[in-house]
Structure formats: C-alpha cells, structure tokens
Amino acid sequence: MASLIRSWIPLLILQSFLVAIAFGSKEAEEFSEALLLKPLPDRKVLAHFHFENRAPPSNSHGRHHHLFPKAISQLVQKFRVKEMELSFTQGRWNHEHWGGFDPLSSMNAKPVGVELWAVFDVPQSQVDTSWKNLTHALSGLFCASINFLESSTSYAAPTWGFGTNSDKLRYGSLPREAVCTENLTPWLKLLPCRDKDGISALMNRPSVYRGFYHSQRLHLSTVESGQEGLGSGIVLEQTLTVVLQPETTSVETNMQPSWSLSSLFGRKVVGSCVLAKSSNVYLQLEGRLGHESKNVDTEIEAHKLWKNADFDLSLKPDRVLRESSSLLFIFDIDKSSDSEPFDLGLTWKLPSKWSCQQAPLQATRFLMGSGNERGAIAILLKATESQEKLPGRVVTDGRCTIKANIFQIFPWYVKVYYHTLQIFVDQQQKTDCEVLKKINVSPSTDKVSSGMLEMMLELPCEVKSAAISIEYDKGFLHIDEYPPDANQGFDIPSALISFPSHHASLDFQEELSKSPLLSSFKEKSLVRSYTEVLLVPLTTPDFSMPYNVITITCTIFALYFGSLLNVLRRRIGEEERFLKSQAGKKTFGLKQLLSRLTAKIRGRPIEPPSSDSPAAQSSFLSSKLIFKIILVAGAAAAWQYFSTDN
Amino acid sequence: MASEKRDKEEEEVKTDDGSPKIKPRPIVQLGIFLVAHSPVFSVVFSAAGVLALLILPLLAKNTYISENALMPGSARSMLSNRDVSDGSKLVKDIKNYWLNHEGQGVEVQKLIGKYMSDMGAEVYYQKFHPEGNQFHPLHFFSGPDSYTLLDNVSCASYGVNVAGIIRAPRGDGKESIVLVTPYDFINGGDYEALSLGITSTLFSLLARVTWLSKDIIWLVTDSRYGDYRPVAAWLTEYHSPSFKVSDLLKCGELNTADTFRRAGTVAAALVLKVDGRSERFEDTLSIYAEASNGQMPNLDLINVVNYLAVHRQGFYVKVEKVVSLLSSSWLKIIGEIFEAVGKLARTLNPDWNFGIPAADYLEGSATLASSLYSQALGIPTGPHGAFRDYQVDAITLKISPRFPPDSKTRQHDFFLRGARLLEGTIRSVNNLLEKFHQSFFLYLLTSPSKFISVGVYMIAFALLVAPLPMVAASLYIEGCKALTKSTDNPTENLKSWKWLDAAKQVFALHLLGFIVTLLPYFICQVPGQHSPRNRSIMWGTTSSSLLLITFAIIPGCSPFSSRHHGTNWAVLKSVTISAAFIGLCLMSIINFATAEIGALLLVPTCLMAQPIKPALRSRRIKSLLGAFCSMVLLTIGFPVMFFAISKGLFGEAVVGLSLGGEFWTWLESLWAWKSATYLYIGMVHLPCWLLCLCILFHPS
C-alpha cells in the first residue's frame, strides 16, 4: 500500500503542476496526437501518425517551454526559420494505387532519401549562411548526413516552381541517404511522450520499417502574433506515414486482408499520452463504401455503417463523418487502459474494389541514351483515368488547359544543354511558345553550383501524354570528388511536378473539427508528385589499382628528372672536344684507368704511367672475374635456399 | 662492401675518363643489335608468339569471385512448391492453348501478361518492327542508333513483346535486373515453354520476397523474328524512345500507346533459353557471353552462374568449343608434349606444377579457339549482345534438360533447380551496391571455371608483332643504302625522304582498301534483286578494276612499271610492315581476338614477302624456298581463301563460285552486326595483302 502511494505521489504532483500551467498562461502550448488508418486498394494499409505541437507567441526573451521541444525552438530562433520541412523517406509512393489527389498523398508522398526546404526570415544576403548553419544543426539533431546539403552544389533556390513563392527559400535533397531507426529516435524525442505512451507507442521498429513505404516528416512554421513585443509562435507538425502489408492467411486474391492494430504493429494502444490535448484514431474508407450510406440519422443505420455485410469493425466508432467519396470513423482512445487496450480491427467479409483518386497527370522520368559521354533526361506525363473528373481546369481564351509546374535540380556533373529542350504533346512536337508558359533556368557552374530548371506547362485538357526531353553531357570529376561506391553511379534528385490549378482537400463538414489532422486536411494543398531518382553512370577511374598509379607516376618522375638532369649537366660540345683530345693522346685507356684507381686507393696524386707487365694485369682481371662469378653464384645459391625454404 | 665501393669508383673513373671512341648509349646499342640481326630475331619472336598462343591453356587460372558483395549461394533458397506449381500451371495453360488454337494474334502474350499481373507485376506489351540491322557505312561505332523508326511501317509483320516489372518493395527504383526468355508466339515450342515455366516460377517468388533492392523486369520476347532483334528493339525503346507518333502503334487490336514502363538503370541481364535434350546424364547449362566486337561481360557474372550451377544445383556447365579440334592429332601431340614437360618440371621441383593432362589441354584449347573465334568474329553469340551496347553485363544461359519436354514428373524438379539457379544469381546481383567492375572484362575462357586474363594473352600478340618494327627498320636501312648506291644525283641523297615514294604507294592502296570496304553499301543500293553470288561478283570486278585504275594513275605504284620509276622494294616492304604494325596494334585495342588471328596471318606474310624474280633468277634452293613460302602464305592470306580454309576446318567444304556467295553473306553479316573485323579486313588486311603482292611481283 505504501509503495502504491509512493508511486502515486509524483504523478499527482506532476498532474497538479500541469494543471497549474494550463490555467496559468493565457494561451498554453498544445500537443495533439492522431493516427489515420486507411486501407489501400492493393491490399495494403496506410498508417499516418500525426503529431502537432503548438507554441503560442510569447516574449522572445526568457522563453520557457512546457511541451514544445526546446531544440526546435532554439533552431527557429537562431536561424530565424520562417517555415521548414524535413522528410526522411524509404521506398516509393505508388501514385497509381495509393492515390495522388488527396491531402495525404500530396503532403506525404516524398522523394526517396532526405528532402529539406526552408524559408528564412533574414536579409537576402544571409540566407545562404543561415541555410548552411541550419543543415549542420539538423544533421546533428537527426543523426543524418544533412550537412552534405551545405555545399552550394547540392541545393538550389527555387523561385516559383516549388509552390512556395519566396526568394528566401532554399531546397535540397539527398537521394542516397538511408533511413533507419537512428533517424526515428531523435524525431520521437521531440514528442512529449516519446514512444512510451499514447499513439506513438505503436511504433514498433521492426513493423514500422518492414513496410513498403516509410516517410517521416517534420514541418514547422512560425505564426506571427501581430502584437508588439511578442515573438512569433511556432507550429511543429510531425508525421510518420507507413504503408504496411497485413499478414493474411486467406488464399483468395481478390479479398481484402483483415487486420487489427496489433496484427499490423505488434502492439496495442494503452491509453493516450496524458499531455496530449486530443488523441484520436481515424479510419478512412474510400471509394464505393462511402457512397452507399446516405443517412446516418438513426442509431441502427449508424450501427450499420461499421458492422455491415461488407466489413466489420471491432470497436464502435465514437463518431462517423462523411465526405463526398469517403467515410471517416473517429475513435477516442482516452477510454482505453491497460486492462482494456485499444485494438481496432477491420474484418472484410466480401471482396471489394475501389480506386484512389489520382493526380491529373502521372509523371515518370527516365534517362535516355547510352555510353559515358552524353545522354538525355526525359519526363513523361501521362493522363490518368480520373483526369476528366477533376476540378481545377482553367479556361483561357476558350481553351481548357491544365497547368503543370516542373521543378528540377541538376547536379553540376550533369551538364544540361537547355537549348535542347523538346516538348512533345500527344506525340506531336510542340514549339516552346505553344505549351510553355513560363520558364526559369539557372545553369550550373562546374564544382560551384547546381543547375535548376523551373517551367510551367499549359497543356490542353484532352491531353493523353506529354514528354519533355533535355540533353546533357556527362562531366568528369576530380579524383577526390568521387563518393564512396563511386561505381554505383550518381544520383539526379527527384523532379517535382505540381499542378498549380489543382488543390486537394478533404472537407468532412464537421464544425467541431478541432482536430489538427482534420483541419490540415481541410486546408487546400497543392497537388504535387515527385518523380523517380535517376542513376547516371559516370566514368570512374579504377580506384582499386593505386599500385599501378604509383608505378606509372614514379616511372614518369624518373624519366622526367633523369632527362632533365642529363640536359642540365651534360655538355655535348665539351664532351666531344674532350673525346677528341683523348683520341689525340693515344694512351692506354686501361692502364691509365688502373693508375687512377690505385692513386685513388692510396690517396696520392696520379703517378705517371709505369710499365706494368701485361701478365699481372690479366691475372688481376681474372681474379676480379672469378670474384664476381663467386658472388653471383653465392647469391643464386642463397636465393635458391630461401626460396625452397618457403 | 669494399669491393662494391671499388666497383663504384671504377665506374666513376670510367665515366669521367670516357672511352676514346664515341659509344652510343646502351639502349641504342641494343636497338642496333636487334635491327642488325632482325632475321634471326623475327623468326625467334614469331615462333615464340605462336608457342605462347599454344601454351595459353596451361596458363589459364581458376576463376574466383572478385566482388565480395556478391556472396553467391550464401542465402538459402526461398523457392517453394507453390511457386513451382505457378510455373507448371503457366506451361500447362500454354500447351492447352496450342492444342486448341492456331497460332495467330496476341493471345499467348495476353495469357503470359495475365499471369504476370496476377503475381503482382506491372505488365505492358511492346510492338516492334522486325527490320533491324541496316548497313550504313557511317554508323560503325556510332553506338545504338536512336530514332531509326522507318517512315513507312507496314502492319504486315510486327512482333509483340511482353514485359512485367516487379517493383522492389523498399527499393528506390534506381536500378533493375532484366530476365529475358525468348518465345515463339506463333509456333510455340515445348522446350521454349519450359524456359517460361522456370522464369514464371522465379517471378512468382520474386513478387513476394522482401529482400529485393532492384526492380525485376521479366521480358518475354517474340522470337519469331530471331532472338536478338526483339531484345534490341525493347532496349531501344527503353533507352532511346521516339516521342513522335509511330504507325506501328495502330497495328493490330492491342493498344500499346504510352504504356511502356521503365525501371531505372539496368544493372545486369540474364537471358534464359531451354533448348534440346542434354546428351549427358545431367542437365546441361551452356553459357554464352560474347557480345559484339569481342566485348565480354564482367567475369564475375559468369563466375556467379558457374558457381551456383556447379556447386548448388548440379548442372553440367559448358562453354562453346570447336569440336573439330578435339579430335585433331597434332593438338593431341602438343598436349602430350606439354604434359611430359610438366611432369619433368615437377620431378625437378615439386612446386612447378604447371603441367596439365593432355585431355585437359585439348579441351582447353578447343574452348580457347572457340572463344577467340567468337570474339574475333565480333558477332554476339546470343540476345545478350544487345545489352552490351548499353554497357549492361549480360549472358545467355541455355539449359538442356535430360528428359523429353512432355515428362511431367521430371518437370517439377527441373523448374525448381532452374529457378533456384536464377534466384541465386539475381540475389547476388541484387546484393551489389555498385555495378560490376571488380573482375575482368578482357579475358578468354578455356573452361567455365578457367580464364586467361589480358595480361597473359597479350604476350602472344606482342611477341608476334614485335619483329615488325625491327624488320622495318633493318629493311629501311638496307633500302637506303641500295638507293644511295644506285643514284648519283646528290639531291636524291636526302636520307629522310627515301620512304616518301613507298609511302605514297602504301597510302594509295590503303585508300583503295577503304573504298573497297564501302563498296558493298553501294552495291546494295543497286536496284533489283541480286543473289549474293552476283553481288560478290559485282564487288570483285569493281574492286579489281579500281585496283587497275590505281596502278595506272599513280606512277610507281604498279608492280609492272619500269624499274627506274619503281621504288626500291626494301623500302616499300619496310613501309608496308610499318603500316601493318600500326593497323594490328590499333585493332588489338578495338578487338584483341581479331588482331591476334590477323597477326597470325599477316605477320608471316609480311615478313616473308620478297620479289620473286631475283629468286627465280638466282636458282638457289634457299631463295626458291623463300619465294615458294611467300607465295603459299599470300594465297592463304587472301581473305576469300582464308574464309574457304576456315570453313573447311569447321567441316563445311565450299568450292567454286558458291564460295563467293557464301563469302558475301558472311561479310554482310559482319557489317550488319557492326563488327570491327569487317573494317579490319577491308582497311588493314586487304591493303597489306595487296602490298605484299606488289612486293612479290616487284621488278627488281
């Protein structure tokens, strides 16, 4: 009993403290958590964790945070970040099956690897410095090599092609960055309950990383208070989107697999995070299912919504919301506890099929050509089936058009020839002025900055396909500029295709929607999709042969210095004259040589040649010869002895 | 120590003192020595070159996996019976289809496509035009051509490929591995259906595994139009599509517009064929690796397949060999000699175990000969050749089962083993972070597990061509002396311009060779249908008339011109040999095997060539023998003659006028495949041969 009390006391103190804080300040920091589950048409399940942390505007001096992570607020203050988004992604978003025209996909379908963009609130001249410092800070914070974005060859400053119009925006991405738990752990540390309690407790690492798509995003924006003396508030939005394949035992291929939270994640939710203002679980069912039910007035019909012939929910939803094409079940997890954990399950009874709404044009990008010299990059835009149904067509001069923005960064070693830009619409080559409304090009500088291409296409509504191709030359890198595993090739980061006249939003006509997740869905977001990362094989030197390099270099050095010394030291004319004079003297060369030798050995000046007997000379020669032969034979014997020994 | 010091001092004294005579430097001395004794050295070097070539099978090293990341066979196979039953079902369905239907339309393609999409792959169909390799003189080495869609495409004949892509679940889609199975959609084929079964078994597994990091493309090509063309058409569409409208898309009921899908840079490709029954007790796996112009895939790819096939799946692995060499007695004798030498060496020192049994030597040299021949021909030995044009490592695996195609009981086991082999290979390639670069690209195979690297086989070639510069120098000196003696005019004694007349002649004949090389293109443009024989006759007559014109126009070129206008034959031979040397060295960079075989022919011919008239006049046995040898060599060296002889060696005797037709067809295939051998024959071999002929009939 005593122990129970002892364990309760700190909790009570904490509780009272929190309550005091909550009532003490006028506008408190808020934290909310939510989980959206959504079955996908290709028998997978999407789980979208959404955490929002709001810090209200307050005095910029002596700021103290209760819930809001201090690291982030310091980051914002230090680098004066106005808006920033950082995403870590593994796997590819399947636009065809998982949708491309809802807020979820347009915000969470991210390119492979790390993507970072930030808008700064500093004078124009300091933006680059702030960006560089920010990358280093984030790199330390998230255990990732974001600091590689510091180099001016890896980031760009999009003007309008990115969707956010600002001249203080910087954008960079690292396609090769591997994403793993070491990136997730620091991200979770920003949450007040970490992954100990609440919805985030579901994040069982093996099941989260087993998924087909994994994107961890951090978005922060500052909210100006408008009041004098008050700083700006910060909204920190952290989302984790995973696409999982439920384990299924059924052999029927057209039957959707049934799942529950515990089967997906291997864990259950036991209560919400006590610090969260709201913690909800949403289940979104798309397509045909939404249309069926018109009225949810009566209790029976509401019951029918979640227990019907098609599917069965294991828990009764607290509320049901409707949108034009989808149903949203809302569950409050406050009621769950250790004894009664929240384990939502969905059991399908009948095979069902639906399709997700796709972006007006589906983009693919690929490399053309072969060889190590040149190539071309092509972007192919294909009309999707849902294109005609979509709103957002612009009628100008009696022509119905779709606008598409293409934003693309080229690393400097891909030397793009912008004049070779070719645009084909429905297999007809078009001149630039016909379809190209706006274009902004900043060419790359070798080893200094990357190239950037922004263009706005205006395509006719009935377009079936459009292709854009641009040629490039492959550059040569300096030997120390090659990354590890250089033979893999070099990455060209994803291009971003956005549709400025199309906006995705989900409005559940819920006046009560205090939930940050739903309100973020309600906001109109730009429809955008990222293309594939490309791999360009460049010429690589043979790194595995340093020996050869050393040998060749040494040979060249030896040849160079040898001949140079020869040229410097030798005097051909002098030599010839000397030789002639020698020939005039007609002395016995050998004799003189011997006398010189003896003179040197004795250390005396050269004696005039004496008449040595030729016999003695020959005997001396022969003894020398014998000595040499013995030396060589000894060396050979020694070598043989040691070589056989081995 | 003391003695060393003394030696040093002695040296110093020597250099200080200097000898009374101006001595040239040692390297120059060595050069002069070599040039002075060039006949001896040329014989020694050439003989050593041939010997080095014969000794190559002894020097072959065992292959090893160079890239550690490949780790072949380290993972347990995940293939289950469910996958095999998927494969068997597809084969059964296809067979049933053939029982009930006539081969028309694209029903089989659709059937395969349905299987692919049921497994969870993205499926698409590609139409292609069977017309392919058109000879164009300027397209040599220009790489795979893009935008070569013909304007007037007829719908009468077109092929349809099926391809399915499995996306790696967690991959980034930057790289892909291609599996190709050729299948004749019109006539079917029981063995070919088995290859579909193996790949479908594998595909069913790959669709559900989680370890994939590269996307997998399964391409079923329409082998009605050959094995190569459909793959080449698919690769062209993959790498350099034309965005313009194509008439081909409208053909047939199948709409293939805008459905072509891609999956990143191709890392490696495997072509699988099941063909014929194995003659051995085990299932046989033949590996074909040679691509155009003697390019080979990375040796690691062959190693992985060989390792898995031999040590894991128990296939009998073989590579092509020249069968007729296996029964040749002279090679057997050489093999026995080498064996005896090897044994002797081992008795002297147990560490010297380079000797191999004569039977192994025979096998090795037969394989080596085939390897050299296929590389020298420059024509790919299978559909994998199309991938090499895009720097993709690819090989063709041809499996011959030991059971008849309708045996149901054995089929299960066969599918399991075939698919496991492919699974292991794909898993190894999938492990690779970088593209293949660790192991050799330049090698010759003497067996599936033995290879000769470039450093070893270059020795034979280097020894063969080494006498050429020596002999050229000695002949030049000789010729200069002769000229200085014969002419009294002091202005002509300018030593450095002696070679100019000869060079003119050599250049003229090389130009002629270049024109003759281009001639077939124009002959092909001649309207009307001509048989290959007629075309070869046209070519022959045009070429010889061109030769006569050259002789007539350029003075001093002709062997029949008067003695005073003609150049000295020694200088002419010297320049000819220099030209041959340069040509051979250039060719050895482009295609080593061609240069090696070319050197075997050209080096003796060039070295032996000498005027026949003085030999006849002198009537000495030695000079008569020399003249006879040079005539024989020249006869063999004539390309048509050599073609006939090699045909005879391979067991097909061709005589008479049909030879011309055969030769024409052969050359046509060479240029259609953009083989550099064609250029070599026309621009190096033929001019040098003509020059040797000129020397032979030189009026000196």
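Above this text sits the structure in question.
Residues numbered from 1 in each chain as written. Chains lettered and ligands numbered in written order. Predicted model: local features only at pLDDT ≥ 70, side-chain atom pairs only at ≥ 80, totals over all residues. Heavy atoms only, no water.

Q: Tell me what's going on with the sheet that holds strand β2 (residues 44-55) of chain A, and back it up with residues and numbers.
A: The pairing of strands in a sheet happens through backbone hydrogen bonds and is either parallel or antiparallel. Residue and element names in this part refer to chain A. Taken together, the 11 strands give an open sheet; going across it, the order is β5-β6-β4-β3-β7-β8-β2-β1-β10-β13-β12, and neighbouring strands pair in mixed fashion. A single partner strand is all that each edge strand has here, and the edge strands are β5 (155-156) and β12 (319-322). Where strand β3 (residues 81-90) meets strand β7 (residues 213-223), eight bridges bridge the pair, whose relative direction is antiparallel. Looking at β7, one finds that leucine 86 is bridged to leucine 218. Lying on the sheet, helix α5 (residues 127-142) is in contact with β3, β4 (113-120), β5, β6 (169-174) and β7; it crosses β4 at an angle near 135 degrees. In this fold helix α6 (residues 181-189) packs onto β2, β3, β7 and β8 (233-244), with an angle of close to 35 degrees to the strand it touches most, β7. (Pairing = 2+ DSSP bridges. Helix = DSSP H or I, 4+ residues; strand = E, 2+ residues; numbered from the N terminus. Contact = heavy atoms within 4.5 Å. Axes fitted to C-alpha atoms, helices over the stretch in contact; angles between N-to-C directions.)

Q: Describe the pairing of strand β8 (residues 316-319) of chain B, with residues and values.
A: In the case of a regular strand, side chains alternate between the two sheet surfaces. Where burial is concerned, the two faces of β8 of chain B differ: the one with Val317 and Val319 of chain B is buried and the one with Tyr316 and Lys318 of chain B is not. With helix α8 (residues 299-312) of chain B bridging strand β7 (residues 284-288) of chain B and the parallel β8 of chain B, this β-α-β connection has right-handed handedness. (Buried < 20%, exposed > 50% of the residue type's maximum accessible area, 1.4 Å probe, protein only. Right-handed = clockwise from strand over helix to strand, strands pointing away.)

Q: Any details on the state of the cysteines? Residues and values, ideally.
A: Here, disulfide denotes a covalent bond that connects the sulfur atoms of two cysteines. Residue and element names in this part refer to chain A. Taken as a whole and assessed by the stated rule, the structure comprises two disulfides over all chains. Two residues, cysteine 193 and cysteine 273, share a disulfide whose sulfurs are 1.6 Å apart. Here cysteine 193 and cysteine 273 share a disulfide; its torsion about the S-S bond, 65 degrees, makes the bridge right-handed. Placement of cysteine 193 in the loop between α6 and α7 (205-209) and of cysteine 273 in the loop between α8 (261-265) and β10 (278-286) is noted, with a sequence separation of 80 residues between them. Cysteine 193 gets classed as buried once you look at its relative accessible area, which sits at 11%. (Disulfide = S-S within 2.5 Å.)

Q: Explain the interface of chain A and chain B to me, and be specific about the residues and the numbers.
A: With 47 residues of chain A in contact, the opposing surface of chain B contributes 43 residues. Taken as a group, Arg92, Gln427 and Asn487 of chain A account for 16% of the area that chain A buries against chain B, more than any other trio of residues on that side. Across the contact surface, chain A and chain B share three salt bridges. Between arginine 261 of chain B and glutamate 96 of chain A there is a salt bridge, with the nearest N and O atoms lying 3.4 Å from each other. At the junction of chain A and chain B, the tally comes to 12 residue pairs in polar contact (both at pLDDT 80 or more). Breaking the side of chain A that touches chain B down by element, the ones donating at least two residues are β15 (361-368), β16 (374-383), β23 (465-474), β27 (534-536), α14 (572-585), α15 (589-602) and α16 (614-645) of chain A. No other element matches α15 of chain A, which puts six residues into the side of chain A that touches chain B. Residue composition of the side of chain A that touches chain B, grouped by class: 22 nonpolar, 15 polar and 10 charged. (Buried area = accessible area lost by both parts, 1.4 Å probe. Salt bridge = Lys/Arg side-chain N within 4 Å of Asp/Glu carboxyl O. Polar contact = N/O pair within 3.5 Å; in protein donor to acceptor, adjacent residues only side chain to side chain. Nonpolar A, V, L, I, M, F, W, Y, C, P; charged D, E, K, R; others polar.)

The analysis is restricted to geometry; functional conclusions fall outside its scope.
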